[in-house]
Structure formats: structure tokens, C-alpha cells
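Descriptive analysis of the structure
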Amino acid sequence: MPDTTFRPSTVFFLPFSAEQPESFPQEVSSLSCWDSVPTEALATRYLLRYAARIAENPSLFRCYRLAADAMPRLCLHSDRFAYTDRIRIEEIRLSLFATGIGFLELHVFYDGLSLTEITDFAYRFKRVAQGEPAEGELLLLDAAQKLLPPSVTFFFEGRADFKKECLCFHRLCITEGTETDESLDRMLCLLRRSYAQWFRLPGDDSEYDMRYDPYPNDCWAGSQEGLVNLNLRAGNEEDDWFLDHFKFNHLAVDYHFLYLLLLNQRFSAIRYITEIAECGTDSRRKLEKLNRNIVRLKTVFSFNVISDDQIYQNVYARLYRILDIDRLLADIRDNEEQMEILQNTEAVKADQTANKFLFGISLLSLFSALIDAAGYFDRFPGLQTASTWVSLACVVAIILLCVVFLIRDRNK
């Protein structure tokens, strides 16, 4: 069995939206700097089948790895931190769901950094549009624009530069006793929000923060900004063996994809709510496509239960609530109802316009019938002189009957 010694690291997720996810693989292939990650490397072991199959189905999810010779030189804020030589970006991935939501992933590893140093670095590095890069370095957002196809739109919930941020998944391990219980609580709060150590902490009554400790040496914390798993080495041979042979792989595969599934649900829902709000009375074809995408999100990518393993399901359920996914899906349902009302109103207007055209055509048909009737009455002896008047009387009678029926229908 290969050694998978636990290595403290953070995955920074930069979300983006692809307008045409069907053609996105061709766009990525044309860049020639991305290699497909084999399906077997994405296979999960602890997720239920309907969730696990997404990672293994190229029509639902694709993952690429940036070639080593294409790795950009990114700004690590060495002007602020003296320990950036112990920070390594070992891998950059590109993950895309069939919903059109994707993530540029930066896998950053730390060599001997303290929790405080990791927290301060993550706070700076996650802010993709701010910093003072040295010569030859790129800000993360600038590098992302060079690495990704020009058709993508970066997905930021805030408009200001300082709100253009990555989400973080911290996978950390420290020796038990390094932090007091109080300082550990504080660091977990800072890490799950990717705050710097000088930030003042909010109160404990927030419904958008979670803390979950399945074991004394295994701590989980999460918020809308990030997820953190902190493991404590206590010198216990069995626990340390599990950390070095299994836990890191669990975090790198199953928990990693679990978090991606949650983020996809959240950002997809936000995207569709925005599209519904902006579509107004757009073409019926566009509205139908939006409806199909929404149905696909609800039936293929959204679930309340992700695993029959206690820890996986607990982490998922807590983050699902914190990310407001149920509320976002409820907003979609409400907006769909309003959109349906608009569609019905437009359909009524279209029917009214069609009826007016049909009425005009009917009048022309009546005049044609008048001419035909006059020719018909000419065949009867004694009606030749009055045939035009007889046919006109018939047409007028028909028109009067139509008017009567229209008035009766309107009164109903």
C-alpha cells in the first residue's frame, strides 16, 4: 500500500460558469495545457451510488489537471509573509458539472506552518483580485483568465474586488496539546471563514456556522466561506496509522467530491434564480431550456442524503443547511411559478392576436361567400334580379349570429 502520510493542505476553489457546458470539453482541449483526470482516480467509496456515479460519468462531471510545464507563477504574498518558501502549489485542477458550474482548484501544501500562519496566508491568497505580485508573478484571477477558455464567467457573489474570493477546504493536522481548547475553537472559527488572525470573531448564535467533532481527535467546522477538517495527533499508534494511510485519501477523494457536490448545488441554484429574474418574457425556447436545466438540477444533482456513513452524512447535512440549498431551491420554485404566470399572460395575448387575424380572414371569406352565393341564386328562376340582395341578407345574418355568439361568450 502506498504511503499517503497526512500532509496539511488547502484546496482553493475559484467558481466559474460555462455558458455552453456541452462544448466546454472541446474548448479545454484546444488550450492543450489540460489533461483529463482518469475516471478511476475520481471514484468515491463512501458516497451512495446515485451520487458516486456523477464523478464517474463524463456527461455529468469532468475533471482536468494542468500540465506541469504550464503551471503559472502565482503571487503568494511574499511581501507580507516570510514563510512562503514553505508553501507549494502542487496541483491545479479544473472541475466542471453538466449544470455549467465549474471550479478552478488550487491544491496548496504547507511544510511545517502553524495554524496562525496558514490562516493568515489563506485569507490573503483567497482574495483573487488583490495583492502586490512581484515581477513575473500573477494574481490568481489574472492567471485563471489565462488558463481557462474565454467563454467562462467567474462566479462571484459580491461585486467589489475584495469580495472576489475563493472558497477553501482546509485539510490540516497538528500535534495534540499545541493549542489550548480556547485557541483551538478560535482557530477553527477563523479557518472555516478564512479570516486572518487579527479578525474579531462574531457571536456564537450564527446559523451559518457549524462545528462537528465525531471523535476527540477529529474536528470539523464549516461556513458559507469554507470547510475545515483538523486532525490531532496524540501519539496513539492506531490513530496515527489511520491518519497516514487512509484519512488523507478520504479527504482528497470522497470528502473533496462531497464538497464539490454541495457547491455545485448552491451556485447552480443562484445562477438559475438570476436567469429567471433576467429572462422576463424571452423566447419560449430559451425558457424551456431553462426549465429543463432546473429539472435536471433537482433530479440529478440535488439530494438530502449522500452517504450511509455517519460522518460523511453528518458533514454533508450540516453544510447543506449552512449553504441554504433548500431555501435556494424554494426560491427557484417560487420564481418558476411567477415565470409561468408571465408565460400564460403572453400566451393569452398571442391567442388574442391570432383571433383578430382569424376574424379578418373570416370577413374576407364572407365576402367570397357573398359572390359565390349570388352566382348560386342566379340559377333559380325569379331570383336573378334579387340574387345579390338575397346573398347579402344571408351574409348579414351570419355576421349577426357571430356577433351574438361573441357577446354571449364575453358575458360568460
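The structure this text deals with has already been given above.
Owing to the predicted nature of the structure, the values given are computational and were not obtained by experimental measurement.

Considering helix α4 (residues 115-125)
With nine of eleven residues buried, α4 is to be regarded as a mostly interior element. When we look at burial in α4, the residues that qualify are L115, I118, T119, D120, F121, A122, Y123, R124 and F125.

Some words on the packing of helix α7 (residues 237-279) against helix α9 (residues 310-322)
Close contact between α7 and α9 brings their axes to 11 Å; oriented N to C, the two are set at 25°. Taken together, the axes of α7 and α9 are roughly parallel relative to one another. Here α7 runs over α9; the crossing is right-handed. For the pair α7 and α9, the contacting residues are H250, D254, Y255, L258, Y259, L262 and Q265 in the first and I311, Y312, V315, Y316, L319 and Y320 in the second. Classifying every residue of the contact of α7 with α9 by side-chain character gives ten nonpolar, two polar and one charged.

Section: the pattern of salt bridges
In this structure the tally under the stated criterion is 15 salt bridges. Between E91 and R65 there is a salt bridge whose closest N-O contact spans 2.5 Å. Residue E91 is found in strand β4 (residues 87-97), and its partner R65 is found in strand β3 (residues 61-66); the two are separated by 26 residues along the sequence. Looking at R65, the relative accessible area reads 30%, which means it is partly exposed. Among the salt bridges present, the one from R327 reaches D324, with a minimum N-O distance of 3.7 Å. Residue D324 is classed as buried on the basis of its relative accessible area, which comes to 15%. Salt bridges here are not isolated pairs; linked through shared partners, they connect R7, R88 and E90.

Scoring rules and cut-offs
Residues numbered from 1 in each chain as written. Predicted model: local features only at pLDDT ≥ 70, side-chain atom pairs only at ≥ 80, totals over all residues. Heavy atoms only, no water. Buried < 20%, exposed > 50% of the residue type's maximum accessible area, 1.4 Å probe, protein only. Helix = DSSP H or I, 4+ residues; strand = E, 2+ residues; numbered from the N terminus. Axes fitted to C-alpha atoms, helices over the stretch in contact; angles between N-to-C directions. Parallel < 35°, antiparallel > 145°, perpendicular 65-115°, else oblique. Left-handed = near helix turned anticlockwise from the far one by under 90°. Contact = heavy atoms within 4.5 Å. Nonpolar A, V, L, I, M, F, W, Y, C, P; charged D, E, K, R; others polar. Salt bridge = Lys/Arg side-chain N within 4 Å of Asp/Glu carboxyl O.

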